[in-house]
Amino acid sequence: MGNPLRVFIVEDEHRIARFLQIELEHEGFETEIEMNGVRALERLMQENYDIVLLDVMLPDMDGFAVCKRVREVSDIPIIMLTAKDEIEDKVRGLDAGADDYMTKPFAMEELLARIRNAMRKHMTVDRIPIDEKLQARNLIMYPARYEVMVGQESIHLTRKEFSLLEYLLRNKRRVLTRDQILQQVWGYDYSGDTNVVDVYIRYLRAKIDERFDEKFIYTVRGVGYVIKE
Ligand code: CA
(Lines give C-alpha, C1' and ligand atoms only; values in the text may rest on other atoms or scores of the structure.)
Protein backbone atom coordinates (compact mmCIF):
# COMPACT_ATOMS: atom_id res chain seq x y z
CA MET A 1 0.00 0.00 0.00
CA GLY A 2 1.06 3.59 -0.53
CA ASN A 3 1.28 6.27 2.11
CA PRO A 4 -1.73 6.96 4.32
CA LEU A 5 -4.23 9.44 2.92
CA ARG A 6 -3.81 12.95 4.31
CA VAL A 7 -7.04 14.53 5.47
CA PHE A 8 -7.13 18.30 6.06
CA ILE A 9 -9.74 19.10 8.70
CA VAL A 10 -10.88 22.73 8.49
CA GLU A 11 -13.13 23.27 11.47
CA ASP A 12 -13.15 26.01 14.12
CA GLU A 13 -15.01 24.05 16.77
CA HIS A 14 -12.17 22.45 18.63
CA ARG A 15 -14.24 19.60 20.02
CA ILE A 16 -15.47 18.53 16.58
CA ALA A 17 -12.03 18.92 14.99
CA ARG A 18 -10.46 16.72 17.66
CA PHE A 19 -13.22 14.14 17.35
CA LEU A 20 -12.67 13.93 13.59
CA GLN A 21 -8.91 13.74 14.07
CA ILE A 22 -9.10 10.88 16.58
CA GLU A 23 -11.61 8.90 14.55
CA LEU A 24 -9.81 9.36 11.24
CA GLU A 25 -6.40 8.55 12.68
CA HIS A 26 -7.89 5.43 14.19
CA GLU A 27 -8.89 4.50 10.64
CA GLY A 28 -5.29 4.97 9.50
CA PHE A 29 -5.54 8.42 7.90
CA GLU A 30 -3.07 11.19 8.57
CA THR A 31 -4.76 14.41 9.63
CA GLU A 32 -4.05 18.09 10.10
CA ILE A 33 -6.38 20.66 11.62
CA GLU A 34 -6.89 24.32 10.71
CA MET A 35 -9.44 26.56 12.41
CA ASN A 36 -9.18 29.73 10.35
CA GLY A 37 -10.53 30.15 6.80
CA VAL A 38 -7.77 32.35 5.42
CA ARG A 39 -5.01 30.19 6.86
CA ALA A 40 -6.80 27.08 5.56
CA LEU A 41 -6.69 28.53 2.06
CA GLU A 42 -2.99 29.37 2.42
CA ARG A 43 -2.16 25.88 3.61
CA LEU A 44 -4.19 24.31 0.82
CA MET A 45 -2.15 26.29 -1.69
CA GLN A 46 1.13 25.11 -0.19
CA GLU A 47 0.56 21.57 1.02
CA ASN A 48 -0.46 18.35 -0.63
CA TYR A 49 -3.52 16.91 1.05
CA ASP A 50 -5.64 14.10 -0.37
CA ILE A 51 -9.02 15.33 0.80
CA VAL A 52 -10.49 18.31 2.70
CA LEU A 53 -13.28 18.34 5.28
CA LEU A 54 -14.40 21.94 5.19
CA ASP A 55 -16.68 23.61 7.72
CA VAL A 56 -18.88 26.44 6.40
CA MET A 57 -18.83 28.97 9.24
CA LEU A 58 -15.17 29.86 9.80
CA PRO A 59 -13.32 32.93 11.06
CA ASP A 60 -12.04 35.38 8.39
CA MET A 61 -13.24 33.51 5.31
CA ASP A 62 -16.18 31.12 5.12
CA GLY A 63 -16.06 27.60 3.72
CA PHE A 64 -17.86 28.52 0.48
CA ALA A 65 -15.23 31.16 -0.32
CA VAL A 66 -12.38 28.83 0.58
CA CYS A 67 -13.88 26.13 -1.64
CA LYS A 68 -14.32 28.49 -4.57
CA ARG A 69 -10.74 29.76 -4.35
CA VAL A 70 -9.30 26.25 -4.06
CA ARG A 71 -11.28 25.15 -7.10
CA GLU A 72 -9.56 27.78 -9.23
CA VAL A 73 -6.34 25.80 -8.90
CA SER A 74 -7.09 22.30 -7.64
CA ASP A 75 -9.53 19.40 -8.00
CA ILE A 76 -8.78 17.98 -4.54
CA PRO A 77 -11.90 16.25 -3.11
CA ILE A 78 -13.79 18.57 -0.74
CA ILE A 79 -16.56 17.56 1.64
CA MET A 80 -18.38 20.51 3.22
CA LEU A 81 -19.45 20.19 6.86
CA THR A 82 -22.07 22.43 8.36
CA ALA A 83 -24.43 22.76 11.25
CA LYS A 84 -27.11 24.14 8.97
CA ASP A 85 -29.48 21.95 7.09
CA GLU A 86 -30.61 24.50 4.57
CA ILE A 87 -31.13 23.40 1.02
CA GLU A 88 -29.68 26.70 -0.25
CA ASP A 89 -26.49 25.93 1.64
CA LYS A 90 -26.16 22.55 -0.01
CA VAL A 91 -26.68 24.09 -3.41
CA ARG A 92 -24.23 26.86 -2.58
CA GLY A 93 -21.63 24.36 -1.43
CA LEU A 94 -21.96 22.23 -4.52
CA ASP A 95 -21.95 25.35 -6.72
CA ALA A 96 -18.72 26.41 -5.06
CA GLY A 97 -17.24 23.13 -6.28
CA ALA A 98 -17.56 20.85 -3.25
CA ASP A 99 -17.83 17.14 -4.01
CA ASP A 100 -20.19 16.41 -1.17
CA TYR A 101 -21.96 17.92 1.78
CA MET A 102 -22.64 16.69 5.31
CA THR A 103 -24.83 18.18 8.00
CA LYS A 104 -23.61 18.02 11.59
CA PRO A 105 -24.07 15.95 13.62
CA PHE A 106 -23.28 12.97 11.43
CA ALA A 107 -22.34 9.34 11.99
CA MET A 108 -18.67 8.59 11.49
CA GLU A 109 -19.50 5.58 9.31
CA GLU A 110 -21.36 7.85 6.93
CA LEU A 111 -18.49 10.30 6.74
CA LEU A 112 -16.06 7.46 6.00
CA ALA A 113 -18.32 6.21 3.23
CA ARG A 114 -18.47 9.71 1.76
CA ILE A 115 -14.70 10.06 1.97
CA ARG A 116 -14.29 6.79 0.06
CA ASN A 117 -16.84 7.90 -2.47
CA ALA A 118 -15.21 11.30 -2.99
CA MET A 119 -11.79 9.67 -3.38
CA ARG A 120 -13.21 7.23 -5.90
CA LYS A 121 -14.76 9.98 -8.00
CA HIS A 122 -11.53 11.89 -7.80
CA MET A 123 -9.49 8.91 -8.98
CA THR A 124 -11.87 8.39 -11.89
CA VAL A 125 -11.44 12.01 -12.87
CA ASP A 126 -7.69 11.62 -12.71
CA ARG A 127 -7.84 8.45 -14.80
CA ILE A 128 -5.76 6.52 -12.30
CA PRO A 129 -6.52 2.91 -13.20
CA ILE A 130 -9.22 1.81 -10.82
CA ASP A 131 -10.16 -1.51 -12.33
CA GLU A 132 -7.53 -3.75 -10.81
CA LYS A 133 -9.30 -6.58 -9.12
CA LEU A 134 -7.97 -9.15 -6.64
CA GLN A 135 -10.16 -12.14 -6.02
CA ALA A 136 -10.54 -15.39 -4.13
CA ARG A 137 -13.88 -16.99 -4.89
CA ASN A 138 -16.52 -14.33 -4.10
CA LEU A 139 -14.13 -12.22 -2.00
CA ILE A 140 -13.23 -9.30 -4.26
CA MET A 141 -10.94 -6.34 -3.65
CA TYR A 142 -10.48 -3.23 -5.80
CA PRO A 143 -7.27 -1.81 -4.30
CA ALA A 144 -7.34 1.57 -6.02
CA ARG A 145 -10.93 2.16 -5.00
CA TYR A 146 -10.31 0.96 -1.45
CA GLU A 147 -13.23 -1.46 -1.76
CA VAL A 148 -13.71 -5.00 -0.51
CA MET A 149 -16.78 -7.11 -1.07
CA VAL A 150 -18.00 -10.59 -0.36
CA GLY A 151 -20.64 -11.23 -2.97
CA GLN A 152 -22.65 -8.03 -3.19
CA GLU A 153 -21.92 -6.93 0.35
CA SER A 154 -19.17 -4.43 0.99
CA ILE A 155 -16.86 -4.85 3.97
CA HIS A 156 -15.54 -1.97 6.02
CA LEU A 157 -11.86 -2.44 6.87
CA THR A 158 -9.38 -0.16 8.60
CA ARG A 159 -6.33 0.81 6.55
CA LYS A 160 -4.14 -1.80 8.24
CA GLU A 161 -6.69 -4.58 7.82
CA PHE A 162 -7.06 -3.55 4.19
CA SER A 163 -3.28 -3.66 3.61
CA LEU A 164 -3.02 -7.06 5.24
CA LEU A 165 -5.85 -8.49 3.15
CA GLU A 166 -4.38 -6.94 0.01
CA TYR A 167 -1.01 -8.58 0.67
CA LEU A 168 -2.63 -11.97 1.29
CA LEU A 169 -4.77 -11.68 -1.85
CA ARG A 170 -1.85 -10.61 -4.04
CA ASN A 171 -0.09 -13.77 -2.88
CA LYS A 172 -3.06 -16.07 -2.69
CA ARG A 173 -2.25 -19.81 -2.43
CA ARG A 174 1.24 -18.82 -1.23
CA VAL A 175 1.89 -19.34 2.47
CA LEU A 176 3.20 -16.12 4.00
CA THR A 177 5.23 -16.15 7.20
CA ARG A 178 4.52 -13.72 10.01
CA ASP A 179 7.87 -12.05 9.32
CA GLN A 180 7.02 -11.56 5.65
CA ILE A 181 3.66 -10.10 6.58
CA LEU A 182 5.17 -7.79 9.18
CA GLN A 183 7.78 -6.44 6.82
CA GLN A 184 5.35 -5.96 4.00
CA VAL A 185 2.32 -4.63 5.84
CA TRP A 186 3.86 -2.98 8.89
CA GLY A 187 6.91 -1.97 6.94
CA TYR A 188 9.75 -2.54 9.36
CA ASP A 189 12.09 -5.23 10.58
CA TYR A 190 10.29 -6.64 13.51
CA SER A 191 12.42 -8.80 15.73
CA GLY A 192 10.21 -9.32 18.76
CA ASP A 193 6.67 -10.46 19.19
CA THR A 194 4.86 -11.19 15.94
CA ASN A 195 1.59 -11.32 17.80
CA VAL A 196 0.32 -8.22 16.00
CA VAL A 197 -0.10 -10.28 12.81
CA ASP A 198 -2.25 -12.82 14.61
CA VAL A 199 -4.32 -10.06 16.13
CA TYR A 200 -5.06 -8.50 12.72
CA ILE A 201 -5.74 -11.89 11.18
CA ARG A 202 -8.37 -12.32 13.88
CA TYR A 203 -9.92 -8.96 12.98
CA LEU A 204 -10.09 -9.97 9.33
CA ARG A 205 -11.56 -13.36 10.11
CA ALA A 206 -14.26 -11.75 12.25
CA LYS A 207 -15.18 -9.35 9.44
CA ILE A 208 -14.96 -11.85 6.58
CA ASP A 209 -14.72 -15.59 7.35
CA GLU A 210 -16.98 -15.55 10.39
CA ARG A 211 -19.44 -13.00 9.14
CA PHE A 212 -19.99 -14.84 5.87
CA ASP A 213 -19.45 -18.28 7.31
CA GLU A 214 -16.93 -19.15 4.65
CA LYS A 215 -13.24 -19.86 5.18
CA PHE A 216 -10.81 -17.72 3.18
CA ILE A 217 -7.86 -17.28 5.55
CA TYR A 218 -6.09 -20.49 6.57
CA THR A 219 -3.49 -20.96 9.28
CA VAL A 220 -0.47 -23.06 8.41
CA ARG A 221 0.68 -24.13 11.82
CA GLY A 222 4.17 -22.99 12.76
CA VAL A 223 4.55 -21.07 9.48
CA GLY A 224 1.96 -18.41 8.78
CA TYR A 225 -1.17 -17.70 6.77
CA VAL A 226 -2.58 -18.24 3.32
CA ILE A 227 -5.71 -17.36 1.41
CA LYS A 228 -7.00 -20.32 -0.54
CA GLU A 229 -9.23 -20.22 -3.59
CA1 CA B 1 -17.80 26.62 12.32
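The structure reproduced in this document is the subject of the present report. (Residues numbered from 1 in each chain as written. Predicted model: local features only at pLDDT ≥ 70, side-chain atom pairs only at ≥ 80, totals over all residues. Heavy atoms only, no water.)

A few words now on the coordination of the calcium ion. Protein ligation of the calcium ion involves Asp 12 (OD), Asp 55 (OD) and Met 57 (O), the donor distances falling in the range 2.1 to 2.3 Å. In the primary structure, the donors to the calcium ion are separated according to the pattern D-x42-D-x1-M. Highlighted residues: Asp 12 in the loop between strand 1 (6-10) and helix 1 (14-26) and Met 57 in the loop between strand 3 (51-55) and helix 3 (63-71), separated in sequence by 45 residues. A residue is classified by how much of its surface remains accessible, and Asp 12, at 30% relative accessible area, is partly exposed. (Donors = N, O, S within 2.8 Å, 3.2 Å for Na, K, Ca; no water. Helix = DSSP H or I, 4+ residues; strand = E, 2+ residues; numbered from the N terminus. Buried < 20%, exposed > 50% of the residue type's maximum accessible area, 1.4 Å probe, protein only.)

Now for the sheet that holds strand 12 (residues 224-227). What the three strands build is an open sheet, ordered 10-12-11; its pairing is antiparallel. Across the chains shown, the open sheet's two edge strands, defined by having one partner strand only, are strand 10 (176-177) and strand 11 (217-220). When strand 11 meets strand 12, the two strands line up antiparallel, connected through four bridges. Directly across from Val 220, in strand 12, lies its bridge partner Gly 224. Packing of helix 6 (residues 159-170) onto the sheet brings it into contact with strand 10 and strand 12, and relative to strand 12 it is tilted by some 70 degrees. (Pairing = 2+ DSSP bridges. Contact = heavy atoms within 4.5 Å. Axes fitted to C-alpha atoms, helices over the stretch in contact; angles between N-to-C directions.)

This part is about the nonpolar core. Counting 28 residues, the largest nonpolar core has Leu 165, Leu 168 and Ile 181 as the members making the most contacts within it. Secondary structure elements with two or more residues in this core: strand 6 (134-136), strand 7 (139-142), strand 8 (147-150), helix 6, helix 7 (178-186), helix 8 (195-212) and strand 12. Looking at which element gives the most residues to this core, the answer is helix 6, with six residues. Look past the residues within four positions of Leu 165 in its chain and what remains in contact with it is Leu 139, Met 141, Val 148, Leu 157, Leu 204, Ile 208 and Ile 227. (Core = buried A, V, L, I, M, F, W, Y, C linked by side-chain atoms within 4.5 Å.)

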